[in-house]
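These are the residues of each chain, in order.
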Amino acid sequence: MSSRDKILAAVAQNKPEAMPLPHIAPFKEIGYTDVIGQYETVLTAIGGKVHRVNNWDEIKTIVKEKYNAQNVRVLSLVPELDDVATSAYEINPAAHHLADVELALIKAHFGVAENGSVWVTEELLGHRAVPFICQHLAAVITSSNLVDTMHRAYMRIGLETYGWGAFIAGPSKTADIEQSLVLGAHGPRSMTVFVLQD
Amino acid sequence: MRVGLFVPCYVDQFYPGAAIATLELLEKLGVEVVYPKNQTCCGQPMANSGFEHLTGGCNRLFIDNFSGFDYIVSPSGSCVLHIREHLHDDKRPEQAKEISHKVWELTSFLTDVLKVESLPARFPHKVGVHQSCHGQRGLHLSSMTELVAPSFSKPGSLLNMVKDLELIELERKDECCGFGGTFCVVEEAVSSKMGKDRVADHLKHGAEYITGADMSCLMHMEGILKRQGSKVKVLHIAEILNAE
Amino acid sequence: MEVGTKDHAELAEIFNKDEERVNWHDETLWWIRAKRDKSVHQLPEWEALREAASNVKFNVLSHLNTYLEQFEAAAKANGVIVHWAADAKEHNEIVHGLLKENKVTQMVKSKSMLTEECHLNEYLATHGIEVIDSDLGERIVQLAGEPPSHIVLPCIHKKKEEIGDLFHMYLGTPSNMADPQFLTETARGSLRETFLTRKVALTGVNFAIAETGEFVVCTNEGNADMGAHLADVHIACMGIEKLIPKREHLGIFLRLLTRSATGQPITTYSSHFGKPREGQQMHLVLVDNGRSVQLGRKDFRNSLKCIRCGACMNTCPVYRRSGGHSYHTAVAGPIGSILAPNLDMKKYADLPFASTLCGSCSNVCPVKIDIHDQLYKWRQVLVKEGYAPTGKKIAMQVMATTLASPTLYHAAGKMGRATIKYAPFAVNNKLNAWYKEREMPAPPKESFGEWYAKNKK
Ligand code: SF4
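Please read all numbers here as calculations on a predicted model, not as lab measurements.

Cut-offs applied
- Residues numbered from 1 in each chain as written.
- Chains lettered and ligands numbered in written order.
- Predicted model: local features only at pLDDT ≥ 70, side-chain atom pairs only at ≥ 80, totals over all residues.
- Heavy atoms only, no water.
- Helix = DSSP H or I, 4+ residues; strand = E, 2+ residues; numbered from the N terminus.
- Rg over C-alpha atoms; globule rule 2.2 N^0.38 Å.
- Buried < 20%, exposed > 50% of the residue type's maximum accessible area, 1.4 Å probe, protein only.
- Contact = heavy atoms within 4.5 Å.
- 1 Å grid on protein atoms, 1.4 Å probe; cavity = no way out; pocket = protein on both sides within 12 Å on 5 of 7 lines; lining within 4 Å.
- Points joined across faces, edges and corners; volume = space filled by probe spheres on them.
- Nonpolar A, V, L, I, M, F, W, Y, C, P; charged D, E, K, R; others polar.
- Domains from an automatic or database assignment.
- Buried area = accessible area lost by both parts, 1.4 Å probe.
- Salt bridge = Lys/Arg side-chain N within 4 Å of Asp/Glu carboxyl O.
- Polar contact = N/O pair within 3.5 Å; in protein donor to acceptor, adjacent residues only side chain to side chain.
- Pairing = 2+ DSSP bridges.
- Near = heavy atom within 4 Å.
- Right-handed = clockwise from strand over helix to strand, strands pointing away.
- Phe/Tyr/Trp six-rings, centres within 6.5 Å; stacked < 30°, edge-to-face > 60°.
- Lys NZ or Arg CZ within 6 Å of the ring centre and 35° of its normal.

Caption draft 1: Representation of the overall build of chain B in the model. Secondary structure summary: chain B contains 13 helices and eight strands in total. For 244 residues, the compact-globule formula gives about 18 Å, and the C-alpha radius of gyration of chain B, at 17 Å, lands near that figure. In terms of overall dimensions, chain B has C-alpha extents of about 50 × 45 × 40 Å along its principal axes. Expressed as a percentage of its 244 residues, the buried residues of chain B come to 68%. Taking the contacts inside chain B whose residues are at least 6 apart along the sequence as the reference set, 76% of them involve residues at least 24 apart.

Okay, structure coming up:
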């Protein structure tokens, strides 16, 4: 017998009596009165930055203040922001060519107020490594694309298929050395979310 | 109301004062108390060491001693929890079950059964409460810091009825004192350290007395206080509630 | 680490030789427990969430074979290559086989307690494969030649000065440099090089979804993703109990996991791996290693609900004062103490006794495992199976006989109060252990029984 069959047989033999799945609908009702406010508070608390903006130009101004695309590599996956980038993204380059990206500008599907995260899937990124390998990450969501909780987040995702997707909440971090928090463990040292009023 | 007084073995032998106070307090509150004199031990020390199969003798004795009471009350949360969860007798299963439902720890018996709302006691001291784990987490004598639930404390509500008594706040409200039955000798190093840390929290906040609903934890902390030469004393909660 | 044949009590005693350090260890972990409390108290629905998570897991255990098959089919349809390993040995061989197939001798690995349980690194080392752990804490203990001491905080037992020394020795940092920011930056630089040059990356798995065939990996550092997205081959290893039925159930578990672990609302990255990247191989190894046996133990199967948040360790007053290594098993603390005897009763017979049964672990557990009740039950099993020391057996027998007889009891009591040789909590012939830091109660002149006979007839 293969290990697969052995394991499945042992599990079938030893498993307890059938138990039903719980009713989880009530969790989906939980919400915040000020969703954007909550999002902003939480993301800030976990080391991220939130800018509420009214148009693309405001984002560009903020980006340009900090990043000069002549000196450092600014990668844009947001067509509306291509003119503050060093160059537009080439379709699927080897991930290793991304090693020098200083700032990556991406779009996210939506944000989650309870934990300050954004949901992204690979279609938005060109390459899965983008939001990890860059030194700094900035994501754009529109203000109507904020959900209250993770329950609502998964309602929204539904059974959509994706090759890879992630919730990203703030900069990469570690507290492994005596519990002192250090931002920028392996991934981005900072994460900015632009909430674009719509 | 006829109550059987269940006095744990080590209280009988080492802390008769706690048992006397329990008896007097219950009588003061109009309860008829009987102490069945052939009682020994609930069997917990063996059971918690993995020898529950040796507790048959203790179980039989317990049933013999405590049949026929309206309630059985004991000044020890830990022993009560053991009886509630583990008392059994293959020959008298119904009787064992009935008894295990009638066993009450003293403070919850006062708050929940007698519904005591005032006490004639006075104790003009600063007192720290030790939440013994079995009473707290096992019998739910008070809310637990781990849970998201309304806070309450049965021992605390009783102590609040005592005149001139000042309850102190602790940094860690419900950390274990490290007694743990045979744990205290099998794991001597950790047990002692836990005891020292618990005592230190009370001392830091100015306790003159450490009290609680379980004498075993208090015995542990007393052992440490004495070794440290501290003047701070331990007292079973019954002794404070019975103080005049 | 040489743990050898010492049991938890002995190792804990060694740990307690340095009291300052015990205080530091205890306070650091208590601080994390406090962060957890603060965070969970912001969610009025917290207890309901725990209940739901527990019930989802019960459902999983009761349909585990069906979910495994459903998961396998969905994962395969996604292009993932699924492997099955009956035990640690087979798991290690599968991973080694994949490395050979791809002709590599180096691999980067993110946190996976399963590979610790299987001793994968040691196994691969004997076959000439170099593994670099990419989680900072794991990298640190790896450099120190130690196993992790905590499932979420692998080097929680190490002081920054010690880490500074390790980095000085292995990564060329200046001596006496112990600034966490600086040390982290150094590790970042060194590991970035590793990520960019490794062809194979191994990750753990936090949750696998039967419905979709995807699996979720949670990290704060981003190291699992850095490894997986830059490598040509991604190997993910998981215990068979990590399944959950539906994607929507992640909503419950991701809300619970990090709040319980560290008090964060979510990990920085919660990565959902569905399909391999174009040109990438994605392997998934499903490991049993005793889990199906534990599933058959009625009293202990609930331990398989564990989502490895570490909360039971942070809250455990014994863990905090004895350190993870004193448990001499990959998963330390309360949960480790109920998992380990399943694998080897003899070797881990001490662990269920390394607890006061205070019950705090069961209260923090996000999936409501009755941890302290299982510790109690393991004690009964271990004694029955003959793993109690003989001295203790005899003492317990004497005690049972004494306590079952009022006459013997009263005689022993009298003698006891005179000589203090008798105390129910001190019967295992190690009576002196009490005296080391504690006094015995002063013997009263009479027992309560005697007082009652005199005063109340
Ligand atoms: S047993 Fe519960 S508290 Fe402990 S690690 Fe597992 S899930 Fe967390």
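We are not done yet, so read on.
Caption draft 2: Looking closely at the layout of surface pockets. All names here are of chain C. Considering only enclosed or pocket space, the second largest pocket measures out at about 1100 Å³ in volume. Looking at the second largest pocket, it is lined by 50 residues, and the ones nearest its centre are Glu116, His119, Pro147, Thr329 and Ala330. When contributions to the lining of the second largest pocket are tallied by element, the ones reaching two or more residues are helix H6 (113-117), helix H7 (120-126), strand E3 (130-133), helix H8 (136-144), helix H13 (291-296) and helix H16 (333-343). Here the element with the most residues in the lining of the second largest pocket is H16; it accounts for five residues. Here the lining of the second largest pocket is composed, by residue class, of 18 nonpolar, 17 polar and 15 charged. Two domains each put at least three residues into the lining of the second largest pocket: domain 1 (43-289) and domain 2 (314-384).

Caption draft 3: Seen up close, the arrangement of the chains. Interchain contacts are distributed over two pairs of chains, and the most extensive set of them lies between chains A and C. Nothing in chain A touches chain B; the tightest C-alpha to C-alpha distance between them is still 16 Å.

Caption draft 4: Region of interest: empty space enclosed by the protein. According to the stated counting rule, one finds seven cavities of 30 Å³ or more in the structure shown. Its volume calculated, the largest cavity comes out at about 350 Å³. If you trace the largest cavity, you find 29 residues lining it, with B:Gln44, B:Ser78, B:Phe179, B:Gly181 and B:Ser216 closest to the centre. Every element with two or more residues in the lining of the largest cavity is listed here: helix H1 (9-14), helix H3 (44-51), helix H5 (77-86), helix H8 (133-138) and helix H12 (215-227) of chain B. Looking at side-chain class alone, the lining of the largest cavity contains 16 nonpolar, 12 polar and one charged residues. As a volume, the second largest cavity reaches approximately 110 Å³. Among the secondary structure elements, those contributing two or more residues to the lining of the second largest cavity are helix H15 (317-320), H16 and helix H18 (371-384) of chain C. Looking at which element gives the most residues to the lining of the second largest cavity, the answer is H16(C), with three residues. Here the lining of the second largest cavity is composed, by residue class, of 10 nonpolar, six polar and no charged.

Caption draft 5: Spatial organisation of the interface of chain C and chain A. Counting from both sides, the interface comprises 96 residues of chain C and, opposite them, 70 residues of chain A. Between chain C and chain A lies a buried interface of about 6800 Å² when both sides are counted; carbon and sulfur atoms form 61% of it. When the buried area of chain C at its contact with chain A is split by residue, C:Arg188, C:Arg247 and C:Tyr269 rank highest and sum to 11% of it. For the pair chain C and chain A, the number of links is seven salt bridges. Summed over the shared surface of chain C and chain A, the number is 38 residue pairs in polar contact (both at pLDDT 80 or more). Among the elements that take part in the side of chain C that touches chain A, helix H10 (residues 180-197) of chain C stands out by supplying 10 residues, more than any other. Taken together, the residues that form the side of chain C that touches chain A break down as 42 nonpolar, 28 polar and 26 charged. Summarising the sheet, strand E9 (residues 164-168) of chain A and strand E9 (residues 269-273) of chain C pair through five bridges and their orientation is antiparallel. Directly across from A:Ile168, in E9(C), lies its bridge partner C:Tyr269.

Caption draft 6: Representation of the pairing of strand E4 (residues 200-203) of chain C in the model. Residues and elements named next belong to chain C. The alternating pattern of E4 places Val200 and Leu202 and Ala201 and Thr203 on opposite faces, both of which are buried. Here two bridges tie strand E2 (residues 106-109) to E4, and the two strands are oriented parallel to one another. In the sheet register, Lys109 faces E4, and the bridge partner there is Leu202. Pairing analysis gives four bridges linking E4 to strand E7 (residues 233-239), with the strands arranged parallel. Bridging across to E7, Thr203 finds its partner in Ala236.

Caption draft 7: How the structure looks around the pattern of salt bridges. Overall, the coordinates contain 61 salt bridges over all chains when judged by the stated rule. Among the ionic pairs, A:Arg52 bridges to A:Glu40, the shortest N-O distance being 2.7 Å. In this pair, A:Arg52 is assigned in strand E1 (residues 49-53) and A:Glu40 in helix H2 (residues 35-45), connecting sequence segments 12 residues apart. Overall, A:Glu40 belongs to the partly exposed group, its relative accessible area being 24%. The partner of B:Asp164 in a salt bridge is B:Arg122, with the nearest N and O atoms 2.5 Å apart. A residue pair is termed long-range when its members are at least 10 positions apart, and B:Asp164 in the loop between helix H9 (154-159) and strand E6 (166-167) and B:Arg122 in the loop between helix H7 (106-113) and strand E5 (126-130) qualify at 42 residues. Taking the relative accessible area as the measure of exposure, B:Asp164 reaches 43% and is therefore partly exposed.

Caption draft 8: Highlighting the site of the ligand. Contacts to the ligand come from 14 residues, most closely from C:Cys306, C:Cys309, C:Gly310, C:Cys312 and C:Cys365. Looking at side-chain class alone, the shell around the ligand contains 12 nonpolar, one polar and one charged residues.

Caption draft 9: Quick look at the interface of chain B and chain C. Counting from both sides, the interface comprises 74 residues of chain B and, opposite them, 81 residues of chain C. Taken over both partners, the interface formed by chain B and chain C buries close to 6900 Å², and the fraction arising from carbon and sulfur atoms is 61%. Contact with chain C buries area across many residues of chain B, yet B:Gln13, B:Phe14 and B:Val148 alone supply 11% of it, more than any other trio. Applying the counting rule to chain B against chain C returns 11 salt bridges. Here B:Glu27 makes a salt bridge to C:Lys456, at a shortest N to O gap of 2.8 Å. Inspection of the region where chain B meets chain C yields 31 residue pairs in polar contact (both at pLDDT 80 or more). Take the side of chain B that touches chain C: its biggest share by element is nine residues, from helix H11 (residues 188-204) of chain B.

Caption draft 10: Geometry of the pairing of strand E8 (residues 233-236) of chain B. Residue and element names in this part refer to chain B. Sheet topology note: the strand E7 (residues 209-212)/E8 ladder contains four bridges and is parallel. Bridging across to E8, Ile210 finds its partner in Val234. The β-α-β motif built from E7, the intervening H12 and the parallel element E8 has right-handed crossover chirality.

Caption draft 11: Geometry of the packing of aromatic side chains. Scanning the model with the defined rule gives 19 aromatic pairs over all chains in all. Ring plane angle 65° and centroid distance 5.8 Å describe the contact between B:Phe6 and B:Phe66, whose orientation is recorded as edge-to-face. Highlighted residues: B:Phe6 in the loop between strand E1 (2-5) and H1 and B:Phe66 in helix H4 (residues 56-66), separated in sequence by 60 residues. Every member of this aromatic cluster is reached through a ring pair, and the members are A:Trp119, A:Tyr154, A:Tyr162 and A:Phe167. The ring of C:Trp31 is capped by C:Lys35, whose NZ or CZ atom sits 4.3 Å from the centre of that ring. Positioned over the ring face of C:Trp24 is C:Lys159, at 4.8 Å from the centre of the ring.

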